[in-house]
Amino acid sequence: QFSSFVGADGRNRYITVLFYLNDVEEGGATTFPMAGDSTPLYSYEDCTRGMQVYPKEGRAVIFYSLLPHKQTEGGLDEASWHAGCDVIKGTKWAANFWITLKGVHQPTQ
């Protein structure tokens, strides 16, 4: 059902490392609504469903996007579906590092 997620050439995001670069005064969580909740997901707007990770300077979250035993079959790990919740007060700075099954960028010569 998720075969379209897998790129034809195998360049799929396998692991994400999300770094929080600053503290946020209020809000700004990253929510994983399907983590521990297998009911159908119709919206990412509910930031109380599943698991939330609140930004704190120096914190990092590591998660897999593909199931380890079904990487080439489009085995998307639904627990990895995530969204950024609204920042109520302050500013949120974050950075991603993506590990793919194949290189995304060709080396420059």
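What counts and how
- Residues numbered from 1 in each chain as written.
- Predicted model: local features only at pLDDT ≥ 70, side-chain atom pairs only at ≥ 80, totals over all residues.
- Heavy atoms only, no water.
- Salt bridge = Lys/Arg side-chain N within 4 Å of Asp/Glu carboxyl O.
- Helix = DSSP H or I, 4+ residues; strand = E, 2+ residues; numbered from the N terminus.
- Buried < 20%, exposed > 50% of the residue type's maximum accessible area, 1.4 Å probe, protein only.
- Patch = residues over 30% accessible without salt bridge, like charges linked within 9 Å, V, L, I, M, F, W, Y side chains within 5 Å.
- Areas by Shrake-Rupley, 256 points an atom, 1.4 Å probe, with all protein chains shown as cover.
- Polar contact = N/O pair within 3.5 Å; in protein donor to acceptor, adjacent residues only side chain to side chain.
- Contact = heavy atoms within 4.5 Å.

Side note on the pattern of salt bridges
Between side chains of opposite charge, a pair can form as their charged atoms come close.
1) Next: Using the criterion set out here, one finds two salt bridges in the structure.
2) Next: For the salt bridge of Glu-25 with Lys-89, the shortest nitrogen-to-oxygen distance reads 3.6 Å. A residue pair is termed long-range when its members are at least 10 positions apart, and Glu-25 in the loop between β1 (13-20) and β2 (26-27) and Lys-89 in strand β7 (residues 87-89) qualify at 64 residues.
3) Next: Glu-25 sits in the exposed class, given a relative accessible area of 58%.
4) Next: Exposure remark for Lys-89: the relative accessible area of 46% places this residue in the partly exposed category.
5) Next: With its nearest N and O atoms 3.2 Å apart, the salt bridge here joins Arg-49 to Asp-37.

Some remarks on a nonpolar patch on the surface
1) Next: A grouping of Phe-19, Leu-21, Trp-93, Phe-97 and Ile-99 is seen on the molecular surface, where their side chains present a nonpolar patch of about 510 Å² in accessible area.
2) Next: Residue placement: Leu-21 occurs in the loop between β1 and β2.

What about the side chain of Asn-22?
1) Next: Structurally, the position occupied by Asn-22 is in the loop between β1 and β2.
2) Next: Of note is the side chain of Asn-22, whose polar atom sits 2.6 Å from the backbone oxygen of Thr-91.
3) Next: Among the polar contacts made by the side chain of Asn-22, one reaches the main-chain amide nitrogen of Trp-93 at a distance of 2.7 Å.
4) Next: With residues near it in sequence (within four places) discarded, Asn-22 still touches Pro-55, Lys-56, Glu-57, Thr-91, Lys-92 and Trp-93.

The values reported here are purely geometric and, on their own, carry no functional implication.
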